[in-house]
Amino acid sequence: MKKDNVTSNNLKKNNISKRILQVILGLTSILSIYTAYQGIAYGAVNWYYGFADSQEYSKGLLMLDNNVRFYSGLWLGIGIVLFWIIPRVEHEKTMLRVIALFFFLGGIGRLISILTCGIPSSVYFIYVLLELSFPLLTLWQKRIFN
């Protein structure tokens, strides 16, 4: 009887952990899709980056705008895949690990930018922290479903 209670409690804890992981993936997905939309719709030359609407496009800004829209498309894809993973989180271990690697590598790139060029605002420390810690979700996923 005691073993049944322990098993039941473990199942409840795993179910709660699964739901929390799904919420985190959902919020990350929404944020990814929203910021991708911003990048695709408005590009690099907009108010967010400190440019006026009437800003002239130099060759450098044209290349930057093109890259922002391209990488925003990739970001949109990541957001869609994260959304797709939510109901199948216990089965999509490899996919979540690949996306976690993308986040981690993006965080490394952002960290290099901060160290070499400076930090645009203090919120970027939060971005780096989240991006570099995203792979921890895969460890959590492994713990829940193994």
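See the structure shown above.
Residues numbered from 1 in each chain as written. Predicted model: local features only at pLDDT ≥ 70, side-chain atom pairs only at ≥ 80, totals over all residues. Heavy atoms only, no water.

1. Some details on the overall build of the protein chain
Here comes step 1: When helices and strands are tallied, the protein chain shows 5 helices and 0 strands.
Here comes step 2: Its C-alpha atoms give the protein chain a radius of gyration of 19 Å, clearly above 15 Å, the size a compact globule of 146 residues would have.
Here comes step 3: Projecting the C-alpha coordinates of the protein chain onto the three principal axes gives extents of approximately 75 × 30 × 20 Å.
Here comes step 4: Relative to its 146 residues, the protein chain shows a buried fraction of 27%. (Helix = DSSP H or I, 4+ residues; strand = E, 2+ residues; numbered from the N terminus. Rg over C-alpha atoms; globule rule 2.2 N^0.38 Å. Buried < 20%, exposed > 50% of the residue type's maximum accessible area, 1.4 Å probe, protein only.)

2. What to know about the packing of helix α3 (residues 93–117) against helix α4 (residues 123–133)
Helix packing for two helices is described by the angle between their axes and how far apart those axes are.
Here comes step 1: At a minimum axis separation of 7 Å, α3 and α4 run at an interaxial angle of 145°. Crossing of α3 against α4: the hand is left-handed. Facing α3, whose interface residues are Phe103, Phe104, Gly106, Gly107, Ile108, Arg110, Leu111 and Ile114, α4 presents Tyr124, Tyr127, Val128, Glu131 and Leu132. (Axes fitted to C-alpha atoms, helices over the stretch in contact; angles between N-to-C directions. Left-handed = near helix turned anticlockwise from the far one by under 90°. Contact = heavy atoms within 4.5 Å.)

3. Some remarks on the nonpolar core
Here comes step 1: Within the largest apolar cluster, 14 residues are counted, with the highest numbers of intra-cluster contacts made by Leu21, Leu25, Leu82, Ile99, Phe103 and Phe134.
Here comes step 2: Looking at this core, the elements that each hand over two or more residues are α1 (2–42), α2 (59–85), α3 and α5 (136–145).
Here comes step 3: Leaving out residues up to four positions away in the same chain, Phe134 has contacts with Leu25, Thr28, Leu82, Leu96, Ile99, Ala100 and Phe103. (Core = buried A, V, L, I, M, F, W, Y, C linked by side-chain atoms within 4.5 Å.)

4. Focus on the layout of surface pockets
Here comes step 1: A volume near 1,600 Å³ is recorded for the largest pocket.
Here comes step 2: Taken together, 36 residues make up the lining of the largest pocket; nearest its centre are Thr35, Trp75, Arg110, Tyr127 and Glu131.
Here comes step 3: No other element matches the 9 residues that α1 contributes to the lining of the largest pocket.
Here comes step 4: The class makeup of the residues in the lining of the largest pocket is 22 nonpolar, 12 polar and 2 charged. (1 Å grid on protein atoms, 1.4 Å probe; cavity = no way out; pocket = protein on both sides within 12 Å on 5 of 7 lines; lining within 4 Å. Points joined across faces, edges and corners; volume = space filled by probe spheres on them. Nonpolar A, V, L, I, M, F, W, Y, C, P; charged D, E, K, R; others polar.)

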